[in-house]
Amino acid sequence: MKQRYLPALILACSFIAFTACSKKDATPAAAESRVEYVVGADGAYAPFASENEQKELVGFDIDIMKAVADKAGIKIKIINTPFDGLFNALTQGDRDILISTITITDQRRQTMDFSEPYFVANQLIVVPQDSKVAKFEDLKPMKIGVQSATTADEAAQNLVGKNSPSVKRFESMPLAFQELEGGGVDAVVGDNGVVTNYVKNNPTKNFHIVSDPAFPKEYYGIAVKKGNQALLTKLNQALAQIKADGTEDRIYAHYFADQKQ
Ligand code: ARG
């Protein structure tokens, strides 16, 4: 008679054990320690993110992200992702975190949450050495090259009109610079850090940088999915720590010591 109840008893016991076990695993601390956050970064954007010979991403953004993850006690995996696909990847849940010199804007704030700023930037104009361009306004009758979906893209549209064919969009900054070299565009507009780095490292292209004080300051933030407050809080605490303990300054000096901002 007793035998008949044994299977049921085993089942009941294992069920209790199972639920007890999964309850324990579901506690935030246990779950968090196993999670690996997937980070998206555009890897054609030296010195912020580029691929080394081993195809690993290296650069300012990458070092900042690693330092932040370290302080926050989270595991990360950084995946090279084209800039114009980043925001969608975050919304879809394919990426948990974005670090890609992303300027914090009100429009972007509608669809994602940003950390405190970790870098201050501004737009610069790149033209051939013999160009007469002296300010952004001068680009009005010209073909302007920008990286698609960036603040430069937005600035160019504001200058010449939303659907103007004179704004030429490229998937990456190197492609935009290539077009400038070939004469397909008259100027390229982009973030100061990447522009300065490119012009400095490609002296034979005879590019010239024009700065226009009319460009506003831009603040880079790390982005997370809208509403992911728990992760954002961790990232912000970690950012504050790397600012306070000199880690961020060290990373900055490593990449920008010789670059006048
Ligand atoms: N800061 C500019 C923006 O947010 C340009 C970013 C481009 N960054 C990149 N990694 N491709 O629109």
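Note that the coordinates shown come from a computational prediction; the quantities given were computed from them, not determined experimentally. Here the residue numbers are simple positions, counted from 1 along each chain's written sequence. Per-residue local features of the predicted model are confined to residues with pLDDT of at least 70, and side-chain atom pairs are confined, for both listing and counting, to 80 or more; whole-chain, interface and lining totals are unaffected and use all residues. For side-chain calculations, the full set of non-hydrogen atoms in the structure is used, while hydrogens and water are omitted.

Moving on, we come to the nonpolar core. Generally speaking, nonpolar side chains in soluble globular proteins are found buried as a group. Of all hydrophobic cores here, the largest spans 43 residues; its most connected members are Phe-60, Ile-97, Tyr-118 and Leu-235. Per the convention used, a helix needs a DSSP run of H or I reaching at least four residues, while a strand needs a run of E reaching at least two, with both numbered from the N terminus. For this core, the secondary structure elements donating two or more residues are strand 1 (36-41), helix 3 (60-72), strand 8 (119-121), strand 9 (123-128), helix 7 (173-182), helix 8 (192-201), helix 9 (229-244) and helix 10 (247-256). Looking at this core element by element, the count peaks at 7 residues for helix 3. Those residues in contact with Leu-235 that lie beyond four places of it in its chain are Met-65, Val-68, Ile-74, Ile-97, Ile-222 and Val-224. In plain words, nonpolar cores are sets of buried Ala, Val, Leu, Ile, Met, Phe, Trp, Tyr and Cys residues tied together by side-chain atoms within 4.5 Å. Exposure categories follow from relative accessible area, calculated using a 1.4 Å probe and restricted to protein chains: below 20% of the type maximum is buried, above 50% is exposed, and the middle band is partly exposed. Ala-155, Ala-156, Leu-159 and Val-167 belong to the second largest nonpolar core, which has 17 residues in total. When checking whether two residues touch, look at their non-hydrogen atoms; a contact exists if any pair is within 4.5 Å.

As a further point, take the packing of aromatic side chains. Only Phe, Tyr and Trp rings take part, Trp by its six-membered ring, and two of them pair if their centres are within 6.5 Å. Stacked means planes under 30 degrees apart, edge-to-face means over 60, and tilted covers everything else. Throughout the structure, instances matching the rule amount to 20 aromatic pairs. An angle of 65 degrees between the planes, with centres 5.2 Å apart, marks the rings of Phe-60 and Phe-119 as edge-to-face. On the criterion of sequence distance, the pair formed by Phe-60 in helix 3 and Phe-119 in strand 8 is long-range, its members being 59 residues apart. For the pair Phe-60 and Phe-119, a shared accessibility class is recorded, and that class is buried. Residues Phe-60 and Tyr-255 carry aromatic rings whose centres are separated by 6.4 Å and whose planes lie at 90 degrees to one another, so their mutual orientation is edge-to-face. Note that Phe-60 is positioned in helix 3 and Tyr-255 in helix 10, a separation of 195 residues in sequence. In this structure Tyr-255 comes out as buried when scored by relative accessible area, which is 19%. Members of the aromatic cluster, each reached through a chain of ring pairs, are Tyr-45, Phe-48, Phe-60, Tyr-118, Phe-119, Tyr-220, Tyr-252, Tyr-255 and Phe-256.

Right, let's talk about the packing of helix 3 against helix 10 for a bit. Fitting a line to C-alpha atoms yields each axis, with helices limited to the stretch in contact; the angle taken between N-to-C directions then spans 0 to 180 degrees. At a minimum axis separation of 10 Å, helix 3 and helix 10 run at an interaxial angle of 165 degrees. When the axes of helix 3 and helix 10 are compared, the pair comes out roughly antiparallel. Along this stretch, helix 3 crosses helix 10, giving a crossing that reads as right-handed. In contact with Phe-60, Asp-63, Ile-64, Ala-67 and Lys-71 of helix 3, helix 10 contributes Thr-247, Glu-248, Ile-251, Tyr-252, Tyr-255 and Phe-256. For this classification, Asp, Glu, Lys and Arg are treated as charged, while Ala, Val, Leu, Ile, Met, Phe, Trp, Tyr, Cys and Pro are nonpolar and the rest, including Gly, are polar. Its residues assigned to classes, the contact of helix 3 with helix 10 comprises 7 nonpolar, 1 polar and 3 charged. By definition in this entry, angles of less than 35 degrees are roughly parallel, angles greater than 145 are roughly antiparallel, angles of 65 to 115 are roughly perpendicular, and the rest are oblique. Crossings are classed by handedness, with left-handed meaning an anticlockwise turn of the near helix from the far one by less than a right angle and right-handed meaning a clockwise turn.

A word on the site of the ligand. Within the structure, the ligand sits among 14 residues, and Asp-42, Thr-103, Arg-108, Thr-151 and Asp-191 are positioned closest to it. Take Asp-42: an N or O atom from its side chain is 2.5 Å from a nitrogen atom of the ligand. The separation between a nitrogen atom of the ligand and a polar side-chain atom of Asp-191 is 2.6 Å. Notes on the ligand: free accessible area 340 Å², of which the protein chains cover 99%. The cutoff for a nearby residue is simple: one of its non-hydrogen atoms must lie within 4 Å of the molecule or strand. By the criterion applied in these results, polar contacts are pairs of N or O atoms within 3.5 Å in which, for protein atoms, one can donate a hydrogen and the other can accept it, and in which residues neighboring in sequence qualify only through two side-chain atoms. Note on areas: Shrake-Rupley, 1.4 Å probe, and residue coverage restricted to the protein chains presented here.

Our focus in this paragraph is the sheet that holds strand 2 (residues 44-45). Backbone hydrogen bonds are what pair the strands of a sheet, in a parallel or an antiparallel way. Spatial strand order, 2-3-4: 3 strands in an open sheet with antiparallel pairing. Each edge of the open sheet carries a strand with a single partner, namely strand 2 and strand 4 (57-58). Bridge analysis of strand 2 against strand 3 (residues 49-51) gives 2 bridges, and the strand direction is antiparallel. Each residue of the ladder has a partner; that of Tyr-45, found in strand 3, is Ala-49. Strands are labelled as partners when DSSP assigns at least two bridges between them.

Within the element layout of this structure, Asp-130 appears in the loop between strand 9 and strand 10 (144-147). Put simply, Asp-130 and His-208 are 78 residues apart on the chain and 8.3 Å apart in space, counted from C-alpha to C-alpha.

Turning to the sheet that holds strand 1, a few remarks are in order. The strand order across the open sheet formed by 5 strands is 5-1-6-15-7, and the pairing between neighbours is mixed. Lying at the two open borders of the sheet, with one neighbouring strand each, are strand 5 (75-80) and strand 7 (112-114). As paired elements, strand 7 and strand 15 (residues 223-225) share 3 bridges and run antiparallel to each other. Within strand 15, the position partnered with Asp-113 by the bridge is Val-224.

What is shown is where atoms sit, not what they do.
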